[in-house]
Amino acid sequence: STVQSYAFPVIGDMPLDEIDTTHILDILQPIWLTKSETATRLRGRIERILSAAITRKLRPASNPAIWRGHLENLLPPPKASDKHHEALPYEQIPDFMANLREMDSLSALALEFTILNASRTSESLKGLRSEVEGALWTIPGNRMKAGKPHQVPLAQRSLDILTIAQGLDPESEYLFSRNGKPLSNMAMLMLVRRIQSGLTV
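1. A closer look at the environment of alanine 118
(1) Moving on: The residue alanine 118 is located in the loop between helix H5 (106-116) and helix H6 (121-125) in this model.
(2) Moving on: Between the C-alpha atom of alanine 118 and that of arginine 56, which follows or precedes it by 62 residues, the distance is 45 Å.

Here is the structure:
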């Protein structure tokens, strides 16, 4: 939709091989400072479209939407977003955790484990039982944002949670699963929002 809204009015009817830097600037400059996140994503999408056109020999090998070494010399650095996800005030965490323990659901177990270990949703939900040895959970680099393996010492409550979860789906390879499949990425988020709207995991 961003390509349709912002790029099509400028280059939608143009042959691919005629699109140049001037056209890309005409698309991006009106929103670059006011809608930075949208503009950054739009630039990336145009870059990929034109890159595909280059691969198919539908345009010359230069990509006018590329950032590094090209548009970075013509546009100011994109403004970082100052919006943050709403967080629960730390004073309310004990009550929140107590509520979770009273819930009889796999999502509540997964969420409590995620909070106790300061993990991201995907780290917990795609976690494998084989990654836990004793009281140490080793998350491989391909599931870490930094791309490096990360070791998490597990407290007794975390180990208890894993034991309960394993009992619910004994044959699964995942830490938290139903019928051998990991919980949906939305499972914990929906639970959080049922407890208190506006929060994220």
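2. So, helix H2 (residues 21-32)
(1) Moving on: For H2, the complete set of buried residues consists of Thr21, His23, Ile24, Leu25, Ile27, Leu28, Ile31 and Trp32.
(2) Moving on: Buried positions along H2 lie against helix H1 (2-11) and helix H3 (36-55).
(3) Moving on: Of the residues that open H2, the one with a side-chain oxygen 3.1 Å from the backbone nitrogen of threonine 22 is aspartate 20.

3. A word on the pairing of strand E2 (residues 136-139)
(1) Moving on: Only one face of E2 is buried, namely the one carrying Trp137 and Ile139, since none of Leu136 and Thr138 on the opposite face is buried.
(2) Moving on: Where strand E1 (residues 132-133) meets E2, two bridges bridge the pair, whose relative direction is antiparallel. Within E2, the position partnered with glutamate 133 by the bridge is leucine 136.
(3) Moving on: Count of turn residues in the E1/E2 antiparallel hairpin: two residues, of which glycine 134 carries a positive phi of about 65°.
(4) Moving on: Alignment of E2 against strand E3 (residues 150-153), held across four bridges, turns out to be antiparallel. Its bridge partner being in E3, tryptophan 137 is matched across the sheet by valine 152.

4. Considerations on a nonpolar patch on the surface
(1) Moving on: Together, Leu16, Ile49 and Leu58 give the surface a local cluster of nonpolar side chains, amounting to about 240 Å² of exposed area.
(2) Moving on: Relative to the helices and strands, leucine 58 is located in the loop between H3 and helix H4 (93-102).

5. Considerations on the sheet that holds E1
Picture the strands of a sheet paired through backbone hydrogen bonds; they go either parallel or antiparallel.
(1) Moving on: Read from one edge of the open sheet, three strands run E1-E2-E3, paired in antiparallel fashion. Because the sheet does not close on itself, it has two edges, and the strands there are E1 and E3.

6. Observations regarding the layout of surface pockets
(1) Moving on: Here the largest pocket is characterised by a volume of approximately 320 Å³.
(2) Moving on: Broken down by element, the lining of the largest pocket gets its largest block of residues, three residues, from H5.
(3) Moving on: For the lining of the largest pocket, a count of residues per class yields nine nonpolar, four polar and one charged.

7. Things to note about the packing of aromatic side chains
(1) Moving on: For the coordinates displayed, the defined rule picks out three aromatic pairs.
(2) Moving on: Taking the centre distance of 5.5 Å and the plane angle of 25° together, the rings of tryptophan 32 and tryptophan 67 count as stacked. Residue tryptophan 32 is found in helix H2, and its partner tryptophan 67 is found in the loop between H3 and H4; the two are separated by 35 residues along the sequence.
(3) Moving on: Overall, tryptophan 32 belongs to the buried group, its relative accessible area being 3%.
(4) Moving on: With a centroid separation of 5.2 Å and an interplanar angle of 55°, the aromatic rings of phenylalanine 113 and tryptophan 137 are classed as tilted. Of the two residues, phenylalanine 113 sits in helix H5 while tryptophan 137 sits in strand E2, which places them 24 residues apart along the sequence. Accessibility assignment for this pair places phenylalanine 113 and tryptophan 137 in one class, buried.
(5) Moving on: Taken together through their ring pairs, the aromatic side chains of Phe113, Trp137 and Phe176 make up a single cluster.

Definitions and limits used
Residues numbered from 1 in each chain as written. Predicted model: local features only at pLDDT ≥ 70, side-chain atom pairs only at ≥ 80, totals over all residues. Heavy atoms only, no water. Helix = DSSP H or I, 4+ residues; strand = E, 2+ residues; numbered from the N terminus. Buried < 20%, exposed > 50% of the residue type's maximum accessible area, 1.4 Å probe, protein only. Contact = heavy atoms within 4.5 Å. Polar contact = N/O pair within 3.5 Å; in protein donor to acceptor, adjacent residues only side chain to side chain. Pairing = 2+ DSSP bridges. Patch = residues over 30% accessible without salt bridge, like charges linked within 9 Å, V, L, I, M, F, W, Y side chains within 5 Å. Areas by Shrake-Rupley, 256 points an atom, 1.4 Å probe, with all protein chains shown as cover. Salt bridge = Lys/Arg side-chain N within 4 Å of Asp/Glu carboxyl O. 1 Å grid on protein atoms, 1.4 Å probe; cavity = no way out; pocket = protein on both sides within 12 Å on 5 of 7 lines; lining within 4 Å. Points joined across faces, edges and corners; volume = space filled by probe spheres on them. Nonpolar A, V, L, I, M, F, W, Y, C, P; charged D, E, K, R; others polar. Phe/Tyr/Trp six-rings, centres within 6.5 Å; stacked < 30°, edge-to-face > 60°.

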